[in-house]
Amino acid sequence: MPVRDIVILGDDVLRREAEPIPPEAIDDDLRDLVEDMFATMYHADGIGLAAPQIGISRRVLVIDLRREDEEEGESRIALVNPRIVESSKDVDRAPEGCLSIPGMEEVVERPWSVVVEALDPDGNEVRIEADDLMARALQHEVDHLDGILFFDRISPLKRKLFMKKWRKSREEAEAR
């Protein structure tokens, strides 16, 4: 389970729609990719990661909302070709960050609950009904698979300020 490099905002793979995975392509290589994605996400202290964030344009994501004091369980999910098939009319506004945009955060409005259909890494069909943080994480990672970043979901003015702050943070990081 090697830790992969996380690509940073500016890499074209983050803006492309990821390629669907044919069911016949679900194999040990895909399961190894999923394990690498979990290892990478844990190493970066994240709660979710999409394959494009490690430079792979495939429709795969992993999420684990487990806290350190919890045992591994249902909070750890890996999805292949996920689709949001239902979204609530109720919305929630909360801060979001992204492993591909380190050090940046912005309040994003999203539906409070969603239903996602996908395949698991063994090719079995799954349906997840989620709300609160799990719904937010699912929406954030599915957005990555569609080439959408969380700051695309904020107002144009806030997005302009966000990008200015991002460029300044990158300049400061490069100066170090």
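Anything mentioned here points back to the structure above.
Residues numbered from 1 in each chain as written. Predicted model: local features only at pLDDT ≥ 70, side-chain atom pairs only at ≥ 80, totals over all residues. Heavy atoms only, no water.

Peer 1: Before we move on, can you summarise unusual backbone geometry with the specific residues and values?
Peer 2: The phi dihedral of D45 falls on the positive side, at around 60°, and the residue is not glycine. Relative to the elements of secondary structure, D45 occurs in the loop between α1 (28-43) and β1 (48-50). (Helix = DSSP H or I, 4+ residues; strand = E, 2+ residues; numbered from the N terminus.)

Peer 1: Let's hear about the pairing of strand β6 (residues 113-119): which residues, and what values?
Peer 2: Counted residue by residue, β6 has 5 buried out of 7 residues, so it is predominantly covered. As paired elements, strand β3 (residues 76-87) and β6 share 5 bridges and run antiparallel to each other. Paired with R83 across the bridge in β6 is E117. The hairpin turn running from β6 into strand β7 (residues 125-131), its antiparallel successor, is 5 residues long, and G123 in that turn takes a positive phi close to 90°. (Buried < 20%, exposed > 50% of the residue type's maximum accessible area, 1.4 Å probe, protein only. Pairing = 2+ DSSP bridges.)

Peer 1: Mind laying out helix α2 (residues 132-145), listing which residues take part and the relevant values?
Peer 2: Taking 1.5 Å per residue, 14 residues should reach 20 Å; α2 reaches 21 Å between its end C-alpha atoms and fits that length. Burial of α2 is extensive: 12 of the 14 residues sit out of reach of the surface. All buried positions along α2 are accounted for by M134, A135, R136, A137, L138, Q139, H140, E141, V142, D143, H144 and L145. G147, located one to two residues past α2, shows a positive phi value of around 80°. (Expected span 1.5 Å × (residues − 1).)

Peer 1: Go over the packing of aromatic side chains with me, naming the residues and quoting the values.
Peer 2: Tallying each qualifying case throughout the model produces 4 aromatic pairs. Ring geometry for F150 versus F162: centroids 5.5 Å apart, planes at 85°, classification edge-to-face. Taken together, the residues span a long stretch of sequence, with F150 in the loop between α2 and α3 (156-175) and F162 in helix α3 at a distance of 12 residues. Judged on exposure class, the residue F150 and its partner F162 are both buried. Ring geometry for F151 against F162: centres 5.0 Å apart, planes inclined by 25°, an arrangement best described as stacked. Pair noted here: F151 is in the loop between α2 and α3 and F162 is in helix α3, with a separation of 11 residues, a long-range link. (Phe/Tyr/Trp six-rings, centres within 6.5 Å; stacked < 30°, edge-to-face > 60°.)

Peer 1: Can you tell me about α1, naming the residues and giving the values?
Peer 2: An ideal rise of 1.5 Å per residue puts 22 Å on 16 residues; α1 measures up with 22 Å between its terminal C-alpha atoms. Considering only its buried residues, α1 is in contact with β1, β2 (60-64) and β3. Where α1 begins, the side chain of D27 points an oxygen toward the backbone nitrogen of D29, at a separation of 3.1 Å. (Contact = heavy atoms within 4.5 Å. Polar contact = N/O pair within 3.5 Å; in protein donor to acceptor, adjacent residues only side chain to side chain.)

Peer 1: Describe in detail the sheet that holds β6, supporting the description with residues and values.
Peer 2: The 5 strands are arranged β1-β2-β3-β6-β7 in an open sheet whose pairing can be described as antiparallel. With partners counted over all chains shown, the strands left at the sheet margins are β1 and β7, one partner each. Each neighbouring strand pair of the sheet contributes to a mean axis angle of 40°, computed without reference to strand direction. Against the sheet, α1 makes contact with β1, β2 and β3, and its axis sits at roughly 45° relative to β2, the strand it touches most. Where α2 meets the sheet, it contacts β1, β2, β3, β6 and β7, and its direction lies at approximately 155° from that of β2. (Axes fitted to C-alpha atoms, helices over the stretch in contact; angles between N-to-C directions.)

Peer 1: Would you mind going over a positive patch on the surface in detail, with residue names and values included?
Peer 2: There is a patch of like positive charges on the surface, built from K160, K164, R167 and K168. Within the secondary structure layout, K160 lies in helix α3. The class of K160 is exposed, set by a relative accessible area of 62%. (Patch = residues over 30% accessible without salt bridge, like charges linked within 9 Å, V, L, I, M, F, W, Y side chains within 5 Å. Areas by Shrake-Rupley, 256 points an atom, 1.4 Å probe, with all protein chains shown as cover. Salt bridge = Lys/Arg side-chain N within 4 Å of Asp/Glu carboxyl O. Lys, Arg positive; Asp, Glu negative; His and termini not counted. Charge placed at Lys NZ, Arg CZ, Asp CG, Glu CD.)

Peer 1: Describe the nonpolar core, naming the residues involved and giving the relevant values.
Peer 2: Among the nonpolar cores identified, the biggest contains 17 residues, and I63, I77, L79 and L138 are the most heavily contacted of them. For this core, the elements supplying multiple residues, two or more each, are β2, β3, β6, β7 and α2. The element that contributes the greatest number of residues to this core is α2, accounting for 6 residues. When neighbours within four sequence positions are excluded, I63 is seen to be in contact with F38, M41, I47, G48, S75, R76, I77, M134, A137, L138 and E141. (Core = buried A, V, L, I, M, F, W, Y, C linked by side-chain atoms within 4.5 Å.)

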